[in-house]
Amino acid sequence: MNARIRAVFEDAGVRGWLHAVALDAPDSTVSLDADAVVPMASVYKLPLLAGFCRLVDEGELDPRQQVTLEPSVRTPGPTGLSVLADPVTMSLRDLAVMMMTVSDNAAADALLTVIGLERLAELLESFGLQRTSVRRGTADNLRDLQRRTGLDDPDAALAVLADNNRTTPDGVYEAANASASTPRDMTLLLSRLWAGELLSAAQTDFVKAAMHRQIFQHRLASAFPHDGIRVAGKTGTFGALRHEVGVVTLPAGDAYAVAIFTLTARVDSRQPRADAAIGLAAQYAVNELR
């Protein structure tokens, strides 16, 4: 099986890391370099969501608390609040929904500011995630890229990262410089969330609903196109990084946690073969576990 999955990644021109586990049989796994620590890109929003929901359960945060985000200080991004022109006021729980369904950078950074990096680190350790670190949000990630490129404008810095004819700035894809995790840690988090081990029933349902509503269907879900199969996922994209982690539930009710991280050879914004490879690798892994 490993050879087949590795061939999928090689055919698409990507380096891939994968871990998949049957939720009702945790000893049944498929693994390909599953303990490698890889920059998460927007996959960091999943552990952030889990941390937020735990703080709601513990009464440290009121999910109805209102936050106003001014356009001048909102984190840039291609979706959600990041692209709006006017001030927006919404609750913490609605920020969490935006963060997960459309991968809203502004919503995620606002939520991370409320929780704080140190508190989130404590929560992730309590979840058993030994190799997962959220070191910064998207805004700080962009500032780091600007520093590495020597450019003041984040769009110009991203353009450098997206130029196949330029050398990638040193350190951009090094796990020690970014929020990072392993495929095994991410399937552990998903397994514990789906089992109701980390959160109350209400907050567990909230996490599942948000992930099922993710709008992006071009990676993990692309290999499971039937209405009877449910895919709850969270993508991550930054430069050559293209990831997705999620849970695939088949019509009979059997479910599988899958985490796939990839690093592409090129940095084009549209890479359908690389995206499809994530879905196909997940399909092979799930079929092996059935």
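Up top is the structure these notes are about.
Summary of the structure given here. On a predicted model such as this, the values are computed, not experimentally measured, just so you know.

**A short note on the packing of aromatic side chains**
Centre-to-centre distance and the angle between the planes together describe a pair of aromatic rings.
Argument step 1. On inspection of all chains with the given rule, the structure shows zero aromatic pairs.
Argument step 2. The side chain of Arg4 reaches across the aromatic face of Tyr284, ending 3.9 Å from its centre.

**Details of the pattern of salt bridges**
Argument step 1. Overall, the coordinates contain 16 salt bridges when judged by the stated rule.
Argument step 2. Close ionic contact of Arg147 with Asp144 constitutes a salt bridge, the shortest N to O distance being 2.9 Å. With a gap of three residues between them, Arg147 and Asp144 both fall in helix H6 (residues 138-149), about one helical turn apart.
Argument step 3. The partner of Arg148 in a salt bridge is Asp144, with the nearest N and O atoms 2.8 Å apart.

**Notes on the pairing of strand S9 (residues 255-264)**
Argument step 1. A large share of S9 lies buried, amounting to nine of its ten residues.
Argument step 2. Where strand S1 (residues 14-22) and S9 come together, nine bridges link them in antiparallel fashion. Of the residues in S9, the one forming a bridge with Ala22 is Tyr256.
Argument step 3. Across nine bridges, the pairing between strand S8 (residues 241-249) and S9 is antiparallel. Considered in S9, the bridge of His243 is made with Phe261.

About the thresholds
Counting of residues starts from 1 at the beginning of each chain's written sequence and follows it residue by residue. Per-residue local features are limited, in this predicted model, to residues with pLDDT of at least 70; the limit for side-chain atom pairs, both in listing and counting, is 80 or more; totals at the level of whole chains, interfaces and linings are taken over all residues. Neither water nor hydrogens contribute to the side-chain values; these are computed over all heavy atoms in the structure. Under the pairing criterion, centres of Phe, Tyr and Trp rings, with the six-membered ring standing for Trp, must be within 6.5 Å; the plane angle then separates stacked pairs below 30 degrees from edge-to-face pairs above 60, leaving the rest tilted. We count a charge as sitting over a ring when the NZ of a lysine or the CZ of an arginine lies within 6 Å of the ring centre and within 35 degrees of the ring normal. For salt bridges, the criterion is a side-chain nitrogen of Lys or Arg within 4 Å of an Asp or Glu carboxyl oxygen. Numbering of helices and strands runs from the N terminus; a helix is a DSSP stretch of H or I covering at least four residues, while a strand is a stretch of E covering at least two. Only protein chains enter the area calculation, which uses a 1.4 Å probe; residues under 20% of their type maximum are buried, those over 50% are exposed, and those in between are partly exposed. Any two strands with at least two DSSP bridges between them are considered paired.

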